[in-house]
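Summary of structural features
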Number of protein chains: 2
Amino acid sequence: MTTIREIAAACNVSTATVSNILNGKAKASKETIELVRKTAQRLNYTPNYIAKNLKLKTSNTIGVIAEDMTVFNSPDIIDGITEYCEEHKYQILLTNLRLFQKFGDFYYTKNNLGQLINYEINELRSRQARAIIYVAPHVRDIKTVSSGLNLPIVMAYCTSPDPGVPSVLADDEDGFYRITKSVLKKGFRHPGLIAGKPGSYHTAERLKGFRRALLEFHFPFSEKFVYYGEWNRRTGCEGAAALMGKSVDSILCMSDIIAGGVYDWCHDQNITPGKDIPVTGFDNRELSAYLYPPLTTVNLPLKQIGRKSCEVADHMIADGENHRLEKQYLKIKCKVVNRTSL
Amino acid sequence: MTTIREIAAACNVSTATVSNILNGKAKASKETIELVRKTAQRLNYTPNYIAKNLKLKTSNTIGVIAEDMTVFNSPDIIDGITEYCEEHKYQILLTNLRLFQKFGDFYYTKNNLGQLINYEINELRSRQARAIIYVAPHVRDIKTVSSGLNLPIVMAYCTSPDPGVPSVLADDEDGFYRITKSVLKKGFRHPGLIAGKPGSYHTAERLKGFRRALLEFHFPFSEKFVYYGEWNRRTGCEGAAALMGKSVDSILCMSDIIAGGVYDWCHDQNITPGKDIPVTGFDNRELSAYLYPPLTTVNLPLKQIGRKSCEVADHMIADGENHRLEKQYLKIKCKVVNRTSL
DNA sequence: TTGTAAGCGTTATCAT
DNA sequence: ATGATAACGCTTACAA
């Protein structure tokens, strides 16, 4: 690798001059500028960022900690982050915790997670990351992440109990309100709801949206018509069985996967989803377009979440100590994707 | 951030001693070792890797260039890479080219791609990446990547025309051979094949596997029963229409997405896939389990591809100049996933 | 057993 | 306009 010293030698100037010229601080004559530029090109020079970073005690690196990048929402979030980074000349140092791969569904109950996260943050810091974006597959409080790290950190698709740490989220409440409204507008008055895990943020928010829509239409809400379960296919199957026994006229699911389970039950019972019973999902995963009939669902603004997270991180970097958070939670709206299951 | 100098000061020893102790080259008395360790801990010391790397002119960073990490196979490949990296203490510097996001289906015809790749490789090199893993969504020759870079590089799910650059691939030929055999074993003698794009590596290899199975069963092969198209849903739809007109007794698709199109056509015609006409896919994407009936398909060993790529890169790093490639192409076997569409 | 000092490639200060 | 030099935090001969 060519160094500025070699360029300096080749041009018969000092390294200081080379450095100045190559960094555009052109306190040099036209001729030397020309000469240095040419030789740098000729010798195929690329700056050694390691040296540069050491000297400047900073870098253009953003650390991304993904709890598990194989979970469906993570790649798109990271895509949004990379888009912003590309435009703003940041590099990404990726840490993939592989939590889901390692521990399956219950990874977030691991109690040494905090230790692990702290370790990785430190690791990233010692590599001069300017900021950290923490990407999770489900929204929940990550207790260990706080603003006391002296390093900008933003939570994508998750939260921190520390009000100084910003979060970028999907507006689950509004998203579910919208899809519920779609259902009610079509004249269905007795919707059943298959929810996810009871304690979950998503379950709570989406339920709120469901109730808000019901209220708006002056329809009563009853817990009788909501079935709680896990975020999986089987829950959809069981939920459909339970709810259909209570003569609901439509089924709203809190996830596409759950809706997949409802379809399973329908096939089993020789009932046609969409025709005999309208079904809706949430998340707009790829599979939702391949169910038959294609599932009406709600799109998650994952890429925007990633982009926005990175933008916030960038602002925090720029403002340094002076940064004041306007809002701890930034919620991005979701849109209904109309297909034929409703 | 605490530095070794501060530790040295606090302990009344030299930085050399601190460095030695902290790196386990313990040429020191038990007491100083103890003291230094304790103080390092107390001051919450983490080494500055930037400085370390500059001094050592090396790092434990592996650069990953993903053509587009939102394409379904990339996250799992990267997951395999991170698994290996985690075990072997490598860090990942991720470059997401976002080619598919930017240019859609025809990104690989971009003719300045070579320039871009070279730029990114250089970028990674100047950040002291020890090796580069290039991750693509479709197998094809990436012309610009060569072994003359003086930096180990391995191609994951793609190839380089340079025989000095190793590739890790799925064994498409064998995978398609296996699924074809599954079909033939069930007694179907007139399989139709819906292929992908004619020029593609995947199309060619999978076709070979198809023919090999046919040959083994002494069934004739005829181009009449293969329908070529794109790697999309519509092709499945059109292919099914074309093939069913030629009275095939089963349909093999070169991708799950194509199979999804076949299901579309079946629904349209009131034909039940699996029952009236067996259908198989390839790739084992999530959606394949949600089609009805669930699609029999072939699993792509993506994680292993990532892992193996990283392992090869690691060996190349370790061997340096002495590295001799045994094989340019490493092909990992695929397994049939039996469901009920066959 | 411990310390001194040079050097990795760069930038920045201060002379010239 | 250009150059000499110190410094960023670390490792490693080599000296003590």
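I will try to describe carefully the structure that is included in this document. These numbers come from a predicted model, not from an experiment. (Residues numbered from 1 in each chain as written. Chains lettered and ligands numbered in written order. Predicted model: local features only at pLDDT ≥ 70, side-chain atom pairs only at ≥ 80, totals over all residues. Heavy atoms only, no water.)

Quick notes on the protein's contact with DNA strand C
The environment of DNA strand C is made up of 26 residues, and the closest members are A:I4, A:S19, A:Y45, B:S14 and B:K55. Backbone atoms, meaning sugar and phosphate, form 67% of the atoms of DNA strand C found within 4 Å of the protein. Within the contact set of DNA strand C, a phosphate oxygen lies 2.6 Å away from a backbone nitrogen or oxygen of A:I4. Between DNA strand C and A:K55 there is a distance of 3.3 Å, counted from a base oxygen to a side-chain nitrogen or oxygen. When residues of the surface near DNA strand C are assigned to their parent elements, the largest contribution, four residues, is made by helix α4 (residues 49-56) of chain A. Residues of the surface near DNA strand C, tallied by class, amount to ten nonpolar, nine polar and seven charged. (Near = heavy atom within 4 Å. Polar contact = N/O pair within 3.5 Å; in protein donor to acceptor, adjacent residues only side chain to side chain. Helix = DSSP H or I, 4+ residues; strand = E, 2+ residues; numbered from the N terminus. Nonpolar A, V, L, I, M, F, W, Y, C, P; charged D, E, K, R; others polar.)

Regarding the sheet that holds strand β7 (residues 226-227) of chain A
Residues and elements named next belong to chain A. In spatial order, the strands read β7-β6-β8-β9; together these four strands make up an open sheet with parallel pairing. The strands lining the two open edges of the sheet, one partner per strand, are β7 and β9 (279-280). In this sheet, strand β8 (residues 250-253) lies alongside strand β6 (residues 191-194) in parallel orientation, the contact comprising four bridges. Bridging across to β8, I194 finds its partner in C253. This element, helix α8 (residues 172-185), spans β6, β8 and β9 of the sheet and lies at about 170° to β8. (Pairing = 2+ DSSP bridges. Contact = heavy atoms within 4.5 Å. Axes fitted to C-alpha atoms, helices over the stretch in contact; angles between N-to-C directions.)

Section: the protein's contact with DNA strand D
Around DNA strand D, the structure places 28 residues, and the nearest of them are A:S14, A:S29, B:I4, B:S19 and B:Y45. Backbone atoms, meaning sugar plus phosphate, form 68% of the atoms of DNA strand D positioned within 4 Å of the protein. One of the backbone nitrogen or oxygen atoms of A:S14 is found 2.7 Å away from a phosphate oxygen of DNA strand D. Interatomic distance of 2.7 Å between a side-chain N/O atom of B:S19 and a phosphate oxygen of DNA strand D.

Structural notes on the side chain of B:N96
Its location among the elements puts B:N96 in strand β2 (residues 91-96). At 3.1 Å, the side chain of B:N96 and the side chain of A:T82 are in polar contact. Excluding anything up to four places from it in sequence, B:N96 contacts A:D79, A:T82, A:E86, B:A66, B:E67, B:D68 and B:M69.

Focus: the pairing of strand β5 (residues 167-170) of chain A
Put simply, side chains in a regular strand alternate between the two faces of the sheet. All names here are of chain A. A two-sided burial pattern is seen for β5, the buried positions comprising S167 and L169 on one face and V168 and A170 on the other. Note that strand β4 (residues 153-156) and β5 share two bridges and pair parallel. Note that in β5 the partner of A156 across the bridge is V168. Pairing of β5 with strand β11 (residues 329-332) involves four bridges; the strand directions are parallel. Note that in β11 the partner of S167 across the bridge is Y329. (Buried < 20%, exposed > 50% of the residue type's maximum accessible area, 1.4 Å probe, protein only.)

Details of the sheet that holds β11(A)
One open sheet holds the twelve strands; their spatial order is β11(A)-β5(A)-β4(A)-β3(A)-β1(A)-β2(A)-β2(B)-β1(B)-β3(B)-β4(B)-β5(B)-β11(B), and the pairing between them is mixed. Looking along the sheet, the strands with just one partner apiece sit at the ends: β11 of chain A together with β11 (329-332) of chain B. Geometrically, the sheet is characterised by an average inter-axis angle of 25° between neighbouring strands, direction not taken into account. The sheet contact formed by strand β3 (residues 131-135) of chain A and β4(A) spans four bridges and is parallel. Bridged to A:Y134 within β4(A) is A:M155.

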